[in-house]
Amino acid sequence: MLVLLGFAMIAVFMVLIMTKKLTPVLALIIVPTVFGLFAGAGLGIGPMVMDSMKSMTSTAALLMFAIIYFGLMIDVGLFDPLVRFILRKLGNDPAKVVLGTAILAAAVSLDGDGSTTFILTTAAMLPVYLRLKMSPVVLTCVAGLANGTMNILPWGGPTARAATALKLDVNDVFVPMIPSLIAGLVVVFVFAWLLGLQERNRLRAVAPEIWDTTAGTFDGGSPLGGTGRFGFGRTSSGPAGGAPAVGSPSAGGSSVAVLERTEDLVDDRDSAMADTALDPNRTTLRPKLFWFNLGLTVAVMVTLVANVIPLPFVFMVGSAIALLVNFPKVKDQGAQLIAHAPSIVAVVSMVMAAAVLTGVLNGTGMVKAMSEWLVAIIPADMGPFMAIITGVLSIPMTFFMSNDAFYFGVLPVLSETAAHYGVSAADMARASITGQPFHLQSPLVPAILLLVSLAKVDLGDHHKKVLWRTAVISLVMLGVGVLTGAIGIG
């Protein structure tokens, strides 16, 4: 009964949020409560949830003050020069922007912390997406793909957990999986490029009446427009000599123009930025404090990566200093807090609501029953393939349970079973980490809640775009592991 209730609860939750019948917060509260009562929790469901919620408080504080800090930095204009720099390097071709997002997220993921990755990637790229009228869901999807794939790094957590649970050296687990990691990243970049091409075509289609098919540009009145003519590249009638613009059909190039005068595209006077988070005339800009804000942000990031002070406290202090210096008047400080209140409420309420799901799963024994059932139903003749089976199981199982629950509760049982068929513990550990790209998209992972909150993206929309892609990446990593011998068959 617990097994059926557990799987049914996860299925109902996912259907409700992906079909938008309920918001994620309501689904996280109502669905586990109903199923927990059916599981016989009774009045004990309260203590289950509260015990789970205690472990969430520091995470909620971290997300709350991180949102305040980076929202404030965007308001005061810290990232405006970075946006201009990125546009100059990437142009305004959505395909390049999305691929650049994937590369940035993968690079920042080297620090092993998902929250840091999503904070920096969103801070750098979201203004660019808004500037070009691109979908923020694409940003969250690509950032999630890259970070999830890089999460198998030894210092990322899952690999260390798998090694610890099975009493292995972490290098013995990770090093043979490097080809799988590289293959996963290649798939991430392919997905990013294809998503970028989709965005390019979508933006071309939203205003066909003003798309200049002869020059490959949007006219000045387009949603991407402002002063002059803007498209996925900026063209003029050509150089001074009257030659056709690079990338135009008459020059023998593609129908998508190549950026020629990027400095015009990012001109502070560009009216396309009006009424957006990057409005050059917004009253919150503090250009004279740019270097102070940059120094403060660098200090916060260095402290965060060094992990010498609890992360929630780092952002608490950083937010307090930033508010005090940039907005010395109490009235302005209050206005800034109120301005970011919607984002704070959205993400913190989701973290607290997730405690209901985890509390019911653990408190009622659903997680334990589900894992034992999965082990029991594996046919004996499939024993030699236990590593592959574990890799496949890690995709859904790490999605609806924490990494600690899977690696310390489920993996040892699976590994003990596999040992009877000649499958080594190292093979099992390597296979178990291939589900991490999928795991990172779980609503039980605070970092993903931060990502969708910062980008103001609905979790259900994110899941629609990212889940099947992360499943593909996980399977590719598993397949490459088998082909290279990192994941063996008994």
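Let me sum up the structure you'll find in this document. Remember, predicted model here, so these are calculated numbers, not experimental data.

## Examining the overall build of the protein chain
Okay, so step 1: A tally of regular secondary structure across the protein chain gives 23 helices and two strands.
Okay, so step 2: The buried share among the 490 residues of the protein chain stands at 55%.
Okay, so step 3: For the protein chain, restricting intrachain contacts to residue pairs at least 6 apart in sequence, the fraction spanning at least 24 positions comes to 76%.
Okay, so step 4: Surface exposure of the protein chain reaches about 19800 Å², of which carbon and sulfur atoms provide 69%.

## Brief notes about the packing of helix α7 (residues 114-131) against helix α8 (residues 136-150)
Okay, so step 1: Two elements in contact, α7 and α8, have axes separated by 10 Å at closest approach and are oriented at 150°. In terms of orientation, α7 and α8 fall into the roughly antiparallel class. Taken as a pair, α7 and α8 cross one another with a handedness that is right-handed. The segment α7 lies against α8, with Gly114, Thr117, Phe118, Thr121, Thr122, Met125, Leu126, Tyr129 and Leu130 engaging Pro136, Val138, Leu139, Ala143, Gly144 and Asn147.
Okay, so step 2: Here the contact of α7 with α8 is composed, by residue class, of nine nonpolar, six polar and no charged.

## Re unusual backbone geometry
Okay, so step 1: Here the phi dihedral of Lys133 falls at roughly 65°; this positive angle occurs in a residue that is not glycine.
Okay, so step 2: Residue classification places Lys133 among the partly exposed positions, given a relative accessible area of 34%.
Okay, so step 3: Of note in the backbone geometry, Lys456 takes a positive phi value of approximately 55° without being a glycine.
Okay, so step 4: Relative to the assigned elements, Lys456 resides in the loop between α22 (446-454) and α23 (459-484).
Okay, so step 5: Judged by relative accessible area, which is 67%, Lys456 ranks as exposed.

## Topic: a nonpolar patch on the surface
Okay, so step 1: Side chains of Phe292, Val308, Ile309, Phe313, Met316, Val317, Ile321, Leu324 and Val325 sit close together on the surface and give an oily, nonpolar patch of about 730 Å² of accessible area.
Okay, so step 2: Here the nonpolar patch gets six residues from one element, more than from any other, and that element is helix α14 (residues 311-326).
Okay, so step 3: Relative to the elements of secondary structure, Phe292 occurs in helix α13 (residues 290-306).
Okay, so step 4: Residue classification places Phe292 among the partly exposed residues on the basis of a relative accessible area of 33%.

## Considering the nonpolar core
Okay, so step 1: Counting residues in hydrophobic clusters, the biggest one holds 139 residues, and the most contacted among them are Phe315 and Met428.
Okay, so step 2: Take this core: its biggest share by element is 12 residues, from helix α4 (residues 57-76).
Okay, so step 3: Here Phe315 is in contact with Leu62, Phe65, Ala66, Tyr69, Phe70, Ile119, Val300, Met301 and Leu304, once residues within four sequence places are set aside.

Thresholds, definitions, all that
Residues numbered from 1 in each chain as written. Predicted model: local features only at pLDDT ≥ 70, side-chain atom pairs only at ≥ 80, totals over all residues. Heavy atoms only, no water. Helix = DSSP H or I, 4+ residues; strand = E, 2+ residues; numbered from the N terminus. Buried < 20%, exposed > 50% of the residue type's maximum accessible area, 1.4 Å probe, protein only. Contact = heavy atoms within 4.5 Å. Areas by Shrake-Rupley, 256 points an atom, 1.4 Å probe, with all protein chains shown as cover. Axes fitted to C-alpha atoms, helices over the stretch in contact; angles between N-to-C directions. Parallel < 35°, antiparallel > 145°, perpendicular 65-115°, else oblique. Left-handed = near helix turned anticlockwise from the far one by under 90°. Nonpolar A, V, L, I, M, F, W, Y, C, P; charged D, E, K, R; others polar. Patch = residues over 30% accessible without salt bridge, like charges linked within 9 Å, V, L, I, M, F, W, Y side chains within 5 Å. Salt bridge = Lys/Arg side-chain N within 4 Å of Asp/Glu carboxyl O. Core = buried A, V, L, I, M, F, W, Y, C linked by side-chain atoms within 4.5 Å.

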